[in-house]
Amino acid sequence: YQLICEKPVAAIRITDITKASGISTGTFYHYFPSKEDLFARLALEPTALELNELRSTSELPLMERLKIYCQICTSILEKQGMDMLRNLQQFRMTAQYREIRNQMYEGHFEYEVLHSLFLDAIESGELKENFPTDFYANLIVYDLYGLTFNHSLYDDPFEPTKWYPQYLDFLEHTALAPYWNRA
């Protein structure tokens, strides 16, 4: 993480990683086929376990689950800081990252989690049957990526806890409004 804070992923060499971590090159290659695989895991794993656990919270209302989703996706970024965010965002935009992510999680993991949340909400009757799950799962994923990426362009502190409540309010009262089964 220290190296990612200091320079872009593309500029970090395996010798930098092995020197900073105090391991041999052979040990590195025993665990990771490439530096990109290591960086993909660093970019994905902090949130993947928590997001997977979110799938099992079907007893919670959809908006509460979406709030937890936003908290999980943004809290790790907020903790990592802007320098790391910028450098990881550059890496996340590469085809190599997308390929590794797809191998690790057989698709776009964040999308899969949101899709399952929406299916649960339809099944429980919270959302109408005609709710476009694919569209909204993609919309939220790319909204959060876009908001994060846009913020990474500036030097202001990354404080998503200040903007995602407004985003959730927009989802609940505007974007999802036609699809609620509320009396």
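This text goes with the structure placed above it.
Now for a quick tour of the structure. (Residues numbered from 1 in each chain as written. Predicted model: local features only at pLDDT ≥ 70, side-chain atom pairs only at ≥ 80, totals over all residues. Heavy atoms only, no water.)

Along its length, the protein carries 10 helices and zero strands. The linear arrangement of helices and strands in the protein, starting from the amino end, is α-α-α-α-α-α-α-α-α-α. With the C-alpha coordinates of the protein rotated into their principal frame, the extents come out at 65 × 35 × 25 Å. Considering the protein as a whole, with its 183 residues, one finds that 45% of them fall into the buried category. Considering only intrachain contacts with a sequence separation of at least 6, the fraction spanning at least 24 residues in the protein is 70%. On the protein, roughly 10000 Å² of surface is accessible, and the fraction owed to carbon and sulfur atoms is 53%. Computed over 16 positive and 26 negative side-chain charges, the inter-centroid distance for the protein is 6 Å. (Helix = DSSP H or I, 4+ residues; strand = E, 2+ residues; numbered from the N terminus. Buried < 20%, exposed > 50% of the residue type's maximum accessible area, 1.4 Å probe, protein only. Contact = heavy atoms within 4.5 Å. Areas by Shrake-Rupley, 256 points an atom, 1.4 Å probe, with all protein chains shown as cover. Lys, Arg positive; Asp, Glu negative; His and termini not counted. Charge placed at Lys NZ, Arg CZ, Asp CG, Glu CD.)

Right, let's get into helix 7 (residues 95-105). Turning to helix 7, its buried residues are Tyr97, Ile100 and Arg101. The buried side chains of helix 7 occupy one side of the element, clustering within an arc of 100 degrees when seen end-on. Turned more than 90 degrees away from the buried face of helix 7, the exposed residues are Ala95 and Gln103. (Arc of directions from axis to C-beta.)

Within the secondary structure, Leu117 is located in helix 8 (residues 109-123). The class of Leu117 is buried, set by a relative accessible area of 0%. Here the alpha-carbon distance between Leu117 and Leu54, two residues 63 residues apart in the chain, equals 8.5 Å. Leu117 has contacts with Leu54, Leu62, Arg65 and Leu66, leaving out every residue within four places of it along the chain.

To continue, consider the environment of Pro160. Relative to the helices and strands, Pro160 resides in helix 10 (residues 160-175). Along the sequence, Pro160 and Thr74 sit 86 residues apart, while their C-alpha atoms lie 6.3 Å from each other. In contact with Pro160, other than residues within four places in its own chain, are Thr74, Glu78 and Pro165.

Counting 38 residues, the largest nonpolar core has Leu66, Tyr69 and Phe118 as the members making the most contacts within it. Breaking this core down by element, the ones donating at least two residues are helix 4 (35-54), helix 5 (62-80), helix 6 (82-92), helix 8, helix 9 (133-152) and helix 10. In contact with Tyr69, not counting residues within four places along its chain, are Leu51, Leu54, Glu110, Val113, Leu114, Ile140, Val141 and Leu144. Grouped together as the second largest cluster of nonpolar side chains are 19 residues, Leu3, Leu42, Leu88 and Ile100 included. (Core = buried A, V, L, I, M, F, W, Y, C linked by side-chain atoms within 4.5 Å.)

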